[in-house]
Each structure stands twice: as C-alpha cells, then as structure tokens.
Amino acid sequence: MIRRIRSFDLVALLMVSALMSSTVLAQEFSKGYVRLRDADEAPVLPKGTTYSELPSPDEIMNSMPSGGSGDKGKPLSMPASSNMAPSNFLPFEQRAMGGNDPFLKFKPGDEHFLHVETPDAAFKFFVGGRLQIDGTWLSTNDAVQAPRSKGGIGDVQDAVNFRRARFDFGGTLYKNIDFLMEFDFVNTFNTDPGGTTGNVVPANTPAPTDLWVTFKDIPYVGNLRVGNQKPPVSFEHQTSSRFLNFMERSLAFDAFVENQDNGFEPGVMLFNQFLDKRLYGALGVFKNTRNVFGWNTGDGEYDLTGRIAYLPVWENDGEQLVHLGVGVSHRDLDDHVERLRARLMIRDGPAVLHNVVADAIMMGSGRDMIVPEFVAVNGPWTLQTEYYATQVGNATIPATGPGPRLNLGTAFFQGGYAEVLYFITGEHKTYDRGRFAFTRVTPRSNFSGFNWNQAGDECESCKGGMGHGMGAWELGLRVSFLDLDNNGIKGGMTQDVTLGLNWYLNPYMKWQLNYTCLYRNAPNPANDGYVQGLGLRLAMDF
C-alpha cells in the first residue's frame with residue numbers, strides 16, 4: 001500500500017503545478033481583458049485610456065449567451081481605438097499571435113474552466129478537478145443501529161468528510177485522439193483489515209477514475225475508448241458526479257452498479273451518435289473487478305455491457321426533451337462471488353465507515369442486468385426515472401467459510417427511483433448529446449453578493465424578477481426502493497424519500513441540501529426502523 005501511494009506522488013506534483021499555473025492565468029482574466037503578446041512587447045493602450053475603462057468581468061458575463069434562457073445580455077462597450085478592437089482583446093477566447101500558436105480559452109459553462117488549444121483545434125490540453133465537502137447529521141433508534149453482528153447497521157453519527165477530491169488533465173492529440181487522466185485523492189481503505197485493534201482504521205489513498213484514451217471518427221464504428229472508464233449503463237451513472245441532482249445516486253445504483261469499484265472498470269468500448277445526435281449506442285467489454293484501482297486478475301471475469309438511447313423529442317436546444325434508453329449487462333463474477341449492498345443516502349464519513357442498510361452476498365455463475373431509462377425536461381421541470389432488474393445464476397450461500405453450501409438456483413433482485421425537479425429561477429437542465437446524460441447547469445444570473453437589489457451580473461431576461469444576481473435555485477424530490485430478498489437470500493429491503501435544494505452560485509460551484517428518510521426492512525424484523533438524515537454539501541469543479 002505504501003508503494004501505491006508513492007506511485008502517485010509525481011502525478012500529484014504535476015497536477016498541483018498545472019493548477020497553480022491555471023490559477024495565475026485565471027486571476028489575470030478576472031481583471032478584465034488580457035491581451036496575449038510577445039515577451040518583449042509592452043502593453044499598448046490608447047492615449048488617455050486606462051485599464052479601468054476596459055469592460056468589467058460583469059459586463060463580459062452579460063455579453064455572453066445565457067445558458068439557462070438562451071437570451072443574450074447587453075453588448076460590450078469598447079473604447080474607440082484600433083488597439084481596443086475585439087480581435088486584440090477577447091475575454092474568454094484569447095487571441096492567437098498567428099500561425100499555430102496555442103491560445104487560452106475560457107467560457108462560462110465549458111466542460112473545464114480553462115484549457116489551451118491551437119487555432120485549428122488539432123491539439124488541446126486542459127486541467128480540472130472537483131472538490132465536494134460534506135457535513136451530515138443522522139438519527140435512528142437503537143435497534144436499527146445495533147452492531148452489524150447483531151443485524152443492525154452500526155452506529156450512525158454526525159460527520160464531516162471530503163466526499164470527492166479529484167484532479168484531472170486531458171486533451172486532444174492531432175484532432176482524432178482524446179485522453180483523460182483523473183485521480184481521486186480521498187479513496188479510503190482500512191489500515192487494519194485483520195482487526196488487530198478491534199476497530200476500522202481508515203486512511204486515504206489516490207485511485208484512478210477516468211483513465212483512458214479515445215480514438216475518434218473511426219469509419220463505421222465511430223469511437224473506440226480504451227482504459228478505465230464507466231461501463232455504458234444507467235442514466236444517473238453516465239451523469240458525472242459534478243452534476244448530480246442529489247448528493248448521492250439512488251439505492252439501486254449503489255447496489256447494482258457501484259459494485260465496490262466506484263463504477264469504473266478497465267476495458268474497451270465502442271460508442272457513437274446517429275440521426276443528427278438523436279440516437280446513441282455504446283457497447284463495451286470490461287474486466288469485472290471489486291477494487292477501486294483499475295485492475296483485476298483471474299480467468300474470464302468479463303463484463304459485456306451496452307446501452308441504447310434515443311431522443312424522440314428535442315426542442316429549443318434541449319429546453320424540451322424526452323429521453324428513452326435501456327442498458328443491459330452480462331458479467332462473470334469476480335472470484336465467483338457477488339455482493340450487492342446499499343448504503344445510506346447521506347454518507348457519514350469515509351467509505352469504510354459507511355452504514356450498510358441492505359447487503360446480499362452469494363456465490364454464482366454470472367449476473368445479468370437490464371436498466372430502462374426515462375427522462376423528460378419541459379423548461380424548468382425535470383422528470384427522471386430508472387428501474388434496475390438483476391438476476392444471479394446458480395446463487396449459492398454462504399459465500400464464505402468451509403460450507404456446506406446450498407445452491408438456490410436463480411435469484412432475482414430489483415430496485416428503482418423516480419425524481420422530480422424544478423428550477424424556481426427559470427433555468428432548465430442542460431443535456432449532453434455526446435454522452436446522452438445531463439451536464440453543467442449555467443445560471444441565468446450568477447450569484448453577485450447578498451445585496452440582490454443592486455445591479456449585479458443580471459441578464460436582460462431576468463430583470464425585475466427571480467434570478468437577479470441570485471444564481472440558480474432548484475427544488476427536488478426523489479423516491480427510491482431496493483429489494484435484495486429473494487429465493488432464500490435475505491439481503492433486506494429499503495425505501496427512501498429524499499428532499500433536495502440546490503443553489504448554483506455560478507456554473508462551477510453549488511450548495512446542496514438534502515433531507516432523507518429511509519425505512520429499512522431488515523432480515524431480522526427486530527432491526528427494522530427509520531433512519532433520518534440531513535446533509536449539506538459545498539461542491540466546486542473547474
């Protein structure tokens with residue numbers, strides 16, 4: 001384990017260096033227009049003109065298209081001079097000096113805060129990251145939080161935790177090769193798995209998430225991705241953790257997709273879009289694994305997963321849409337063992353301390369899963385729902401110990417969720433027709449301070465109404481269930497209701513407040529009961 005941590009030291013150093021460079025550039029951008037010039041060229045301003053006369057960042061923001069409404073803001077006002085022409089001063093896409101010189105690019109709502117590319121877009125490079133800081137408060141009765149050995153879920157406690165802390169860098173080579181390297185620095189492991197201290201002793205270690213290369217525009221097949229990646233199944237899985245509607249994905253996702261590997265597996269995948277990006281297809285072969293480090297050893301143990309999605313309705317650049325999809329998967333089991341487990345929808349501390357509310361462990365010959373998807377957006381309203389159906393062949397218990405073992409045949413498990421969300425400030429969900437999933441929300445008006453009655457970075461379409469310097473505000477309701485009881489296997493049943501409030505201060509930062517009420521039907525009815533939780537998250541990415 002020590003060797004593994006050290007192997008990431010150089011990567012961490014490179015990321016920090018890149019981040020520091022990006023921060024300096026971003027600070028320069030925040031001053032207004034920044035003109036790229038040769039090293040020996042002095043700044044040139046018209047006679048009698050000062051930098052204070054340049055458009056402010058607020059004016060720059062208002063001149064950009066508004067991602068939520070599609071309206072444009074007020075045009076910029078430039079000082080009258082050839083040196084002040086837009087070709088010399090560009091706020092978000094910095095002018096190249098000619099030829100193939102790279103230029104810096106930044107536009108609110110872009111996938112990454114800052115990247116560098118050549119004018120012909122043959123080469124691109126970006127740095128990025130995400131930080132999610134959680135505070136959680138949980139409550140239940142003594143029967144539910146009895147020790148795991150006695151059928152309970154263990155103590156539920158208030159906690160503060162870094163849910164994710166990831167850095168990434170990637171880009172494009174010669175137009176037809178994309179790459180992405182992302183590492184999460186707060187993956188947790190137990191330093192005392194043998195139990196010599198009698199307690200779980202957590203520690204953090206870096207682990208890869210997206211770590212792949214994509215070959216684009218291959219005739220007839222589209223794109224080929226090789227490396228550690230998300231298998232193509234489930235709408236909520238394909239939506240990045242940066243853009244989740246709630247603090248956690250559903251109970252069913254946690255049991256059937258997360259699979260103790262963070263939802264990432266090493267493999268190869270073909271994917272493409274058709275019919276003017278109204279149809280999407282993906283098919284991949286992966287190595288099934290139950291660790292977060294992107295490797296596995298063992299004969300077979302493959303995972304064949306595919307997804308098809310279609311947009312029968314697509315209007316006003318996604319302001320009205322209907323998404324229909326289905327994902328299917330067949331996988332060999334890792335070491336012939338399958339574990340399906342779900343945790344609370346509010347996570348109290350690092351992963352090795354999470355409370356497990358449903359848990360089914362068995363041996364088997366393989367697992368099949370189907371996940372139909374339905375999503376609809378109508379202006380500020382969003383409806384999203386999925387159903388997970390899973391069966392394990394030759395389910396055999398117990399999975400550990402010397403035996404004897406009992407083959408129960410095929411065991412069937414299921415789960416699902418439905419959620420409704422509404423933007424009270426008028427925005428709508430942003431949909432990515434490259435991945436057929438949700439992406440970054442751009443507020444109609446960025447948060448401009450606590451005095452909302454003063455002119456901030458308002459947009460014309462929201463003058464005098466909601467959204468005047470307030471950012472974007474979204475309400476959400478989700479109901480979900482999970483059933484891990486079947487054919488003699490007693491994994492438990494759970495139902496959960498989550499209420500959410502999302503405050504998007506700007507495209508790159510948000511607050512999330514979630515209240516959850518979960519009811520657990522335990523294998524032993526004496527441990528049934530409710531768990532209530534309140535979670536607050538500050539999330540940012542760049």
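Criteria and thresholds
Residues numbered from 1 in each chain as written. Predicted model: local features only at pLDDT ≥ 70, side-chain atom pairs only at ≥ 80, totals over all residues. Heavy atoms only, no water. Helix = DSSP H or I, 4+ residues; strand = E, 2+ residues; numbered from the N terminus. Buried < 20%, exposed > 50% of the residue type's maximum accessible area, 1.4 Å probe, protein only. Contact = heavy atoms within 4.5 Å. Areas by Shrake-Rupley, 256 points an atom, 1.4 Å probe, with all protein chains shown as cover. Core = buried A, V, L, I, M, F, W, Y, C linked by side-chain atoms within 4.5 Å. Pairing = 2+ DSSP bridges. Salt bridge = Lys/Arg side-chain N within 4 Å of Asp/Glu carboxyl O. Phe/Tyr/Trp six-rings, centres within 6.5 Å; stacked < 30°, edge-to-face > 60°. Patch = residues over 30% accessible without salt bridge, like charges linked within 9 Å, V, L, I, M, F, W, Y side chains within 5 Å.

> Please clarify how the overall build of the protein should be interpreted in this entry.
Per the secondary structure count, the protein includes five helices and 24 strands. Burial analysis of the protein (542 residues in total) assigns 51% to the buried set. A sequence separation of at least 24 residues applies to 62% of the contacts in the protein between residues at least 6 apart. Of the accessible surface of the protein, which amounts to about 24100 Å², a share of 60% is contributed by carbon and sulfur atoms.

> I keep staring at the nonpolar core and nothing clicks. Help me out?
Ranked by size, the top nonpolar core spans 35 residues in total, and within it F256, M362, Y388, F413, L482, L484 and I489 carry the most contacts. Excluding its chain neighbours within four sequence positions, the residues that come into contact with F256 are L340, R367, M369, Y388, T390, F413, Q414, G415, L482 and L484. By size, the runner-up hydrophobic cluster in this structure holds 16 residues, among which are F271, L321, A437 and F438.

> Looking at this model, I keep getting lost on the pairing of strand 24 (residues 529-541). Mind explaining?
Two faces, one strand: in a regular strand the side chains alternate between the faces of the sheet. Because side chains alternate across strand 24, one face comprises the buried residues G529, V531, G533, G535, R537, A539 and D541, and the other comprises Y530, Q532, L534, L536, L538 and M540, none of which is buried. Looking at chain direction, strand 3 (residues 124-140) and strand 24 are connected through 11 bridges and run antiparallel. By the bridge assignment for strand 24, D134 is matched with R537. Where strand 23 (residues 509-521) lies against strand 24, 12 bridges are found, and the strand directions are antiparallel. Residue pairing for strand 24: Q512 is matched across the bridge by R537.

> Honestly, the pairing of strand 4 (residues 159-173) in this entry has me stumped. Any pointers?
Taking burial as the measure, the 15 residues of strand 4 include 11 buried ones, the bulk of the element. Sheet topology places strand 3 next to strand 4; 13 bridges connect them, and they run antiparallel. If you follow F125 over to strand 4, its bridge partner there is G171. Across eight bridges, strand 4 lies against strand 5 (residues 177-190) in antiparallel orientation. Paired with G171 across the bridge in strand 5 is F179. The loop that links strand 4 with its antiparallel partner strand 5 comprises three residues; one of these, Y174, has a positive phi angle of about 55°.

> Explain the pattern of salt bridges to me, please; I cannot follow it from the model alone.
Pairs can form between side chains of opposite charge once their charged atoms are near each other. Evaluation of the coordinates by the stated rule reveals 24 salt bridges. The salt bridge partner of E373 is R307, with a shortest N-O separation of 2.9 Å. In this pair, E373 sits in strand 14 (residues 366-378) while R307 sits in strand 10 (residues 302-315), placing the two residues 66 residues apart along the sequence. What makes E373 buried here is its relative accessible area of 4%. Judged by relative accessible area, which is 1%, R307 ranks as buried.

> Quick question: what am I supposed to make of the packing of aromatic side chains here?
When we look at a pair of aromatic rings, we describe it by the centre distance and by the angle of the planes. By the definition in use, this model includes 13 aromatic pairs. Ring geometry for W381 and Y422: centres 4.5 Å apart, planes at 40°, overall tilted. Of this pair, W381 sits in strand 15 (residues 381-393) while Y422 is found in strand 18 (residues 411-423), placing the two residues 41 residues apart along the sequence. Under the relative-accessibility criterion, W381 is labelled partly exposed at 46%. Centre to centre, the rings of F423 and Y504 are 5.9 Å apart; their planes meet at 40°, and the pair counts as tilted. Linking F423 in strand 18 with Y504 in strand 22 (residues 489-506), this pair joins segments that are 81 residues apart in sequence. The burial state of F423 is the same as that of Y504; both residues are buried.

> Honestly, a nonpolar patch on the surface in this entry has me stumped. Any pointers?
A contiguous nonpolar patch, built from W137, L477, V479, V497, L499, W511, L513, Y515, L534 and L536 and spanning about 800 Å² of accessible area, is present on the exposed surface. At the level of elements, strand 21 (472-486), strand 22, strand 23 and strand 24 are the ones that each hand at least two residues to the nonpolar patch. For the nonpolar patch, the element with the highest residue contribution is strand 23, accounting for three residues. Within the secondary structure layout, L513 lies in strand 23.

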